Amino acid sequence: MSRTVWLRHELSLAHDVPGHPERPARIVALEAEMERHGWFGCERVEAPRATQDSLRAVHPERHIRFIDELCARGGGHVDMDTVAVPATYEAALHAAGGGIALVDALLSGEAATGFSALRPPGHHAEPSRAMGFCFFGNAGIAARHAASAHGVERVLILDWDVHHGNGTNEIFRADPGVLFVSIHESPLYPGTGPASDVGSGDGEGYTVNLPVPGRSGDETFRSLVDHVVLPLIAEWEPQLVLVSAGFDAHALDPLATCRVTEGGYAAMTASLRRACGELGVPMGLLLEGGYSLEALTGSVAALMPVLVADSPPAAAGAVALHPLAEQASRRLAPWWPGLAAAQRGTIRRA
């Protein structure tokens, strides 16, 4: 049994829009770095093609058909930032299929952790709209597959991409079976994800938006993970944790201004692994953004030893309670009283 699986497919290179920041070189550089480290002992798995039924669990038929037909006609612009080429539809099917195969490996017991490293990304894709470089909601499709194929009732999705995951937010806005948490720079594209957006209907309280100001770094992101996300995991006890893992909050990324480091990504991964380990819950990452090749490869190489470790690493020390984390606990108290209780025991503050 392999503890960690790495999902990939050659078609991730075929979605190629000249001059676009979301480019095949991201995967080429990432796989070269993984090869340099012997893939950290991961089992490499070819990502399957997502089925139409799995896509329809998130997207209406007309949206799927639109992307298919656009690519069949030779491609074109969906919007100013989102451009399809003939191979995009098939590449997007495998990117969604990677998330599905990751979930199958995690929930079958084949692996305890995994990484679906495919493109195009998915977290901006709303049910009826491709946008922000994204065509299908990869993490959303994976979470719905966990429910339909494995009977999972509680999935937590943490989105640490620097841009708000508006697509995932909308897919699960009214769904109490998925707790969606997004840490993102604000103001920034796509302009969604205010702290006041907590979901709606039956899903009220199950959307947790944690906007941070530009130039936020490790101390902010790590505090929000340790003092908001981890208590949510402890209180809700999800059966699966997925991370929409963008690396564009890194200090070197050209599309935002946050200042997260390689060590910050490794530390957030370690915190999540400890929380999942305490509950015996599998954890998987799905690649989203990250447009500096140096930052992308360095960050993934830094977190992989933590992800593949046989047991969750010990805590390196207490993380200071940032005012944004303290504010979030008060704001979310009507739905998550355990947050405030967890923070009452925290002494150090940022």
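Above this note sits the structure.
Residues numbered from 1 in each chain as written. Predicted model: local features only at pLDDT ≥ 70, side-chain atom pairs only at ≥ 80, totals over all residues. Heavy atoms only, no water.

Visitor: How should the packing of aromatic side chains be read in this particular structure?
Guide: Any pair of aromatic rings gets described here by the distance separating the centres and the angle formed by the planes. By the definition in use, this model includes 9 aromatic pairs. With centroids separated by 5.8 Å and ring planes inclined at 50°, the aromatic side chains of Trp160 and Tyr265 adopt a geometry described as tilted. You can see Trp160 sitting in the loop between strand S6 (155–159) and helix H6 (166–171) and its partner Tyr265 sitting in helix H8 (residues 262–279), a full 105 residues away along the chain. The class for Trp160 is buried, based on a relative accessible area of 0%. Under the relative-accessibility criterion, Tyr265 is labelled buried at 1%. Each residue in the set Trp6, Trp39 and Phe115 is aromatic and connected to the rest through ring pairs, giving one cluster. (Phe/Tyr/Trp six-rings, centres within 6.5 Å; stacked < 30°, edge-to-face > 60°. Helix = DSSP H or I, 4+ residues; strand = E, 2+ residues; numbered from the N terminus. Buried < 20%, exposed > 50% of the residue type's maximum accessible area, 1.4 Å probe, protein only.)

Visitor: Explain unusual backbone geometry to me, please; I cannot follow it from the model alone.
Guide: In terms of backbone geometry, most residues other than glycine have negative phi values and most peptide bonds are trans. Residues Arg119 and Pro120 are joined by a peptide bond in cis, for which omega reads 5°. Tracing the backbone through its elements, the reader meets Pro120 in the loop between strand S5 (113–116) and helix H5 (138–150). Cis geometry is adopted by the peptide bond preceding Pro187, which originates at Ser186 and carries an omega value of 5°. Topologically, Pro187 is positioned in the loop between strand S7 (178–185) and strand S8 (207–212).

Visitor: Just to check I follow, could you spell out the pattern of salt bridges for this structure?
Guide: If charged atoms from side chains of opposite charge come close, those side chains can pair. The full count for this structure, using the stated rule, is 12 salt bridges. Residue Arg49 is joined to Glu90 by a salt bridge in which the shortest nitrogen-to-oxygen separation is 2.7 Å. With Arg49 in the loop between strand S2 (43–46) and helix H2 (52–56) and Glu90 in helix H4 (residues 88–107), this pair connects stretches of sequence that are 41 residues apart. Since its relative accessible area comes to 27%, Glu90 is described here as partly exposed. The closest approach of N and O atoms between Arg56 and Asp53, which form a salt bridge, is 2.6 Å. Here the residue Arg56 and the residue Asp53 both occupy positions in helix H2, the gap between them amounting to 3 residues, near one helical turn. With relative accessibility at 39%, the residue Arg56 sits in the partly exposed group. (Salt bridge = Lys/Arg side-chain N within 4 Å of Asp/Glu carboxyl O.)

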